[in-house]
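Structural overview
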Amino acid sequence: MGKLSACLFGWVQSAPLYQALHREAVALLPPGTGRTWVDVGCGPGLVAGLAAQRGYTAWGVDRDPAMVARAQRHHPA
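As the structure is a prediction and not an experimental result, all values here were calculated from the model.

Low-pLDDT portions of the prediction should not be read for the details of their coordinates. Per-residue confidence for the chain gives a mean pLDDT of 89; residues scoring 70 or more make up 99%. Within the chain, the element-level pLDDT minimum falls on helix H1 (residues 3–13), averaging 79, and the maximum on strand S1 (residues 36–40), averaging 95.

Structural data, given as structure tokens:
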């Protein structure tokens, strides 16, 4: 992977349809108050970020450091 794939995947995740589908999926979860969300293979962090907005303590894990760096930039703790 690397910086190029992190950039490409970030671009895909910025598409309105992609974001809307993930927002709808996360909205089906119970409120996150007091719960932890672990997103394994978090990529640029869209789902972990949405879970955090829903009240979860969100942790994103990815084997690609470029993906983690992008997630940290776009969804700071």
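Moving on from the model shown.
Residue placement: Asp39 occurs in strand S1. Here Asp39 occupies a buried position and makes no salt bridge, while the nearest side chain of opposite charge, Arg23, is found at 13 Å. A distance of 3.4 Å separates a polar atom in the side chain of Asp39 from the backbone nitrogen of Ala48. Excluding residues that lie within four positions of it along the chain, Asp39 makes contacts with Val47, Ala48, Trp59, Gly60 and Val61.

Relative to each other, H1 and helix H4 (residues 65–74) sit at 45 degrees, their axes nearing to 8 Å. Of the possible angle classes, the one that applies to H1 and H4 is oblique. Pair H1 / H4 crosses with right-handed handedness. Contact with H1, carried on its side by Lys3, Ser5, Ala6, Cys7, Phe9, Gly10 and Trp11, involves Ala66, Met67 and Arg70 of H4 and no other residues of that element. When the residues that make up the contact of H1 with H4 are grouped by side-chain class, the tally is 6 nonpolar, 2 polar and 2 charged.

Inspection of the secondary structure assignment puts Ala66 in helix H4. Among the residues examined, Ala66 registers a relative accessible area of 16% and is labelled buried. Sequence-wise, Ala66 and Gly43 are 23 residues apart; in three dimensions their C-alpha atoms are separated by 8.7 Å.

The rules behind each value
Residues numbered from 1 in each chain as written. Predicted model: local features only at pLDDT ≥ 70, side-chain atom pairs only at ≥ 80, totals over all residues. Heavy atoms only, no water. pLDDT = per-residue confidence, 0-100. Helix = DSSP H or I, 4+ residues; strand = E, 2+ residues; numbered from the N terminus. Buried < 20%, exposed > 50% of the residue type's maximum accessible area, 1.4 Å probe, protein only. Lys, Arg positive; Asp, Glu negative; His and termini not counted. Salt bridge = Lys/Arg side-chain N within 4 Å of Asp/Glu carboxyl O. Polar contact = N/O pair within 3.5 Å; in protein donor to acceptor, adjacent residues only side chain to side chain. Contact = heavy atoms within 4.5 Å. Axes fitted to C-alpha atoms, helices over the stretch in contact; angles between N-to-C directions. Parallel < 35°, antiparallel > 145°, perpendicular 65-115°, else oblique. Left-handed = near helix turned anticlockwise from the far one by under 90°. Nonpolar A, V, L, I, M, F, W, Y, C, P; charged D, E, K, R; others polar.

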